[in-house]
Amino acid sequence: MNQKLKWGILGCANIAKYSVIPGIQQSEFNEVAAIASRDIDKANQTAAELNIPHTYGSYEDILADPTIDVLYIPLPNHLHKEWTIRAAKAGKHILCEKPIALNEAEAAEMAEAAVDAGVYLSEAFMYRYHPRYDRIKELIHSGAIGDIRGIRSAFTFNNAGDKGNIRYKKEWGGGSIYDIGCYPISAARLLLGKEPIAATVQAFFSSEHGDVDMMASGLLEFEGSVALTFDCGMWTAFRNPLEIVGTEGIIEVPSAFARPTAGSGNFYLTVHGERQEIEMPHCNAYALQADHLAQAIANKSPLRFEPADAIRNMKVIDACLLSAREHIRVAL
């Protein structure tokens, strides 16, 4: 690519300021050209902190900027559909924060809008671009751990004291399944290369936090009698492990989804009781995510993870939420 793609950022969310924007700035084929906020002072402050050249006091204004190639949307979940569709109609490619929508139907509508506009739409699951997941898939497909018997994973943190957090607004798409349960769900689908056939989830809904699920424990059934057991929570000590159990061995990823630091991208392979650490290069998965989208746009090539994948992930999330609310097993 001879020219870097120019990115615009919709909003000043923490995920944008502390993770995605620095990742784009460290990437090879992209630059952050502008940021918009409904509060121009907030946009100006964030731009000054992160060395972003242009600011806008409305989302509409950044959509109208003809120099912007790609828009990153880290807005609350209930706004993803509206602004993705508006961005697509404005001719902008889109990286939309996970979960891509509030439900499968919204995700399908967003994907259709992107197709109609001839733009790329990608869901921001940065962990998938870290090279360790390609290595893990290679080990699985090579038979290194034998036949997979199950996957276990968790993603939890404790933010319960922040009662005003948007994660605790039910109508905005709040709750732990939306916010972090989507990671183990996505990872199991990625590693198994198939879709679950049923979901059963038990959850703790907190009246102190807008009646959203503050903790959830789930079982996803896959064909071949393989299952993902997972839990996710926002009123729980921090953890984010992933374990793949096979007939001959185990793959353990101690920090599966959080932003990798030096050494934290490594994982462990145990075969017949012998455990070894698999070292991986330290890299910024947010930068890799941005570069993959940029190269797909430049080369007019398919994305590794098309919007259809995001639609399927939302279908599973829908089933998990229904199961948790109704106390039933939901067939998919």
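In what follows, the structure referred to is the one given above.
Because the structure is predicted, anything quoted here is derived from the model rather than measured.

**Q** Any chance you could explain empty space enclosed by the protein here in plain terms?
**A** Which parts of space are left empty comes out when a probe the size of a water molecule is rolled across the atoms. By the definition in use, this model includes one cavity of 30 Å³ or more. Of the volumes computed, that of the largest cavity is approximately 40 Å³. Contributing to the lining of the largest cavity are Ile-100, Leu-121, Ser-122, Glu-123, Arg-128, Phe-305, Glu-306, Pro-307, Asp-309 and Ala-310. For the lining of the largest cavity, the elements supplying multiple residues, two or more each, are β6 (121–124) and α9 (307–326).

**Q** Which parts of the structure should I look at to understand the pattern of salt bridges?
**A** Where charged atoms from two side chains of opposite charge approach closely, those side chains can pair. One pass over the structure, following the stated rule, counts 19 salt bridges. In this structure, Arg-304 and Asp-134 form a salt bridge, with 2.9 Å as the shortest nitrogen-oxygen distance. With Arg-304 in the loop between α8 (285–299) and α9 and Asp-134 in helix α6 (residues 131–142), the pair connects residues that are 170 residues apart, well separated along the chain. Under the relative-accessibility criterion, Asp-134 is labelled partly exposed at 32%. One salt bridge connects Arg-329 with Glu-221, and the closest N-O pair in it is separated by 2.8 Å. Pair noted here: Arg-329 is in the loop between α9 and β16 (330–331) and Glu-221 is in strand β9 (residues 212–222), with a separation of 108 residues, a long-range link. What emerges from the salt-bridge pattern is a single network uniting Arg-128, Arg-189, Glu-195, Asp-309 and Arg-312.

**Q** Just checking my understanding: could you explain helix α5 (residues 104–117) for this structure?
**A** A rise of 1.5 Å per residue sets the reference length of α5, with its 14 residues, at 20 Å; its end C-alpha atoms lie 20 Å apart and thus fit the reference within 8%. For α5, every residue scored as buried is listed here: Glu-106, Ala-107, Met-110, Ala-111, Ala-113 and Ala-114. All buried residues of α5 lie within an arc of 155 degrees about the axis, which places them on one face of the element. Counted as exposed and oriented over 90 degrees from the buried face of α5: Ala-105, Glu-112, Val-115 and Asp-116.

**Q** What's the story with the packing of α5 against α9 in this structure? I'm lost.
**A** A packed helix pair is summarised by two numbers, namely the angle formed by the two axes and the spacing between the axes. Contact pair α5 / α9: the axes reach a minimum separation of 8 Å and the direction vectors enclose 170 degrees. By the angle between their axes, α5 is roughly antiparallel relative to α9. Between α5 and α9, the residues in contact are Glu-104, Ala-107, Ala-108 and Ala-111 and Pro-307, Ile-311, Met-314, Lys-315 and Asp-318, respectively. Counted by class, the contact of α5 with α9 contains six nonpolar, no polar and three charged residues.

**Q** How should α6 be read in this particular structure?
**A** Between its terminal C-alpha atoms α6 stretches 17 Å, which fits the 16 Å expected from 12 residues at 1.5 Å a residue. Turning to α6, its buried residues are Arg-132, Tyr-133, Ile-136, Leu-139 and Ile-140. Down the axis of α6, the buried set is contained in an arc of 120 degrees. They therefore lie on one face. Exposed side chains of α6 directed beyond 90 degrees from the buried face belong to His-141 and Ser-142. Summarising the contacts, the buried residues of α6 are in contact with β7 (148–158), α7 (176–192), β12 (242–246), β13 (249–253) and β14 (267–271). Two residues or fewer after α6 comes Gly-143, characterised by a positive phi angle close to 85 degrees.

Rules used in this analysis
Think of each chain on its own: its residues are numbered from 1, step by step along the sequence as written. Totals for whole chains, interfaces and linings use every residue, but because this is a predicted model, local features are given only for residues with pLDDT of at least 70 and side-chain atom pairs only at 80 or more, for both listing and counting. Based on all heavy atoms of the structure, the side-chain values leave hydrogens and waters out of the count. With a 1 Å grid laid over protein atoms only, a set of points is called a cavity when a 1.4 Å probe fits there but cannot get out and a pocket when it is open yet has protein on both sides within 12 Å along at least five of seven lines; lining residues have an atom within 4 Å of a point. Grid points are joined across faces, edges and corners, and a volume is the space filled by probe spheres set on the points. Going along the chain from the N terminus, every DSSP run of H or I of four or more residues is numbered as a helix, and every run of E of two or more is numbered as a strand. Definition used for salt bridges: Asp or Glu carboxyl oxygen within 4 Å of a side-chain nitrogen of Lys or Arg. Categorising residues by exposure relies on relative accessible area from a 1.4 Å probe, with only protein chains included: less than 20% of the type maximum marks a residue as buried, more than 50% marks it as exposed, and the intermediate range marks it as partly exposed. A helix is expected to span 1.5 Å multiplied by its residue count minus one. This arc describes the spread of directions from the helix axis toward the C-beta atoms. Angular values range over 0 to 180 degrees, each being the angle between N-to-C directions of two axes fitted as lines to C-alpha atoms, with helices fitted over their stretch in contact. Should an angle lie under 35 degrees it is considered roughly parallel, over 145 roughly antiparallel, and from 65 to 115 roughly perpendicular; all remaining angles are considered oblique. By definition, residues are in contact when any of their heavy atoms lie within 4.5 Å. When residues are sorted by character, Ala, Val, Leu, Ile, Met, Phe, Trp, Tyr, Cys and Pro go into the nonpolar class, Asp, Glu, Lys and Arg into the charged class, and all the rest, Gly among them, into the polar class.

Such coordinate-based values are descriptive only and should not be taken to indicate function.
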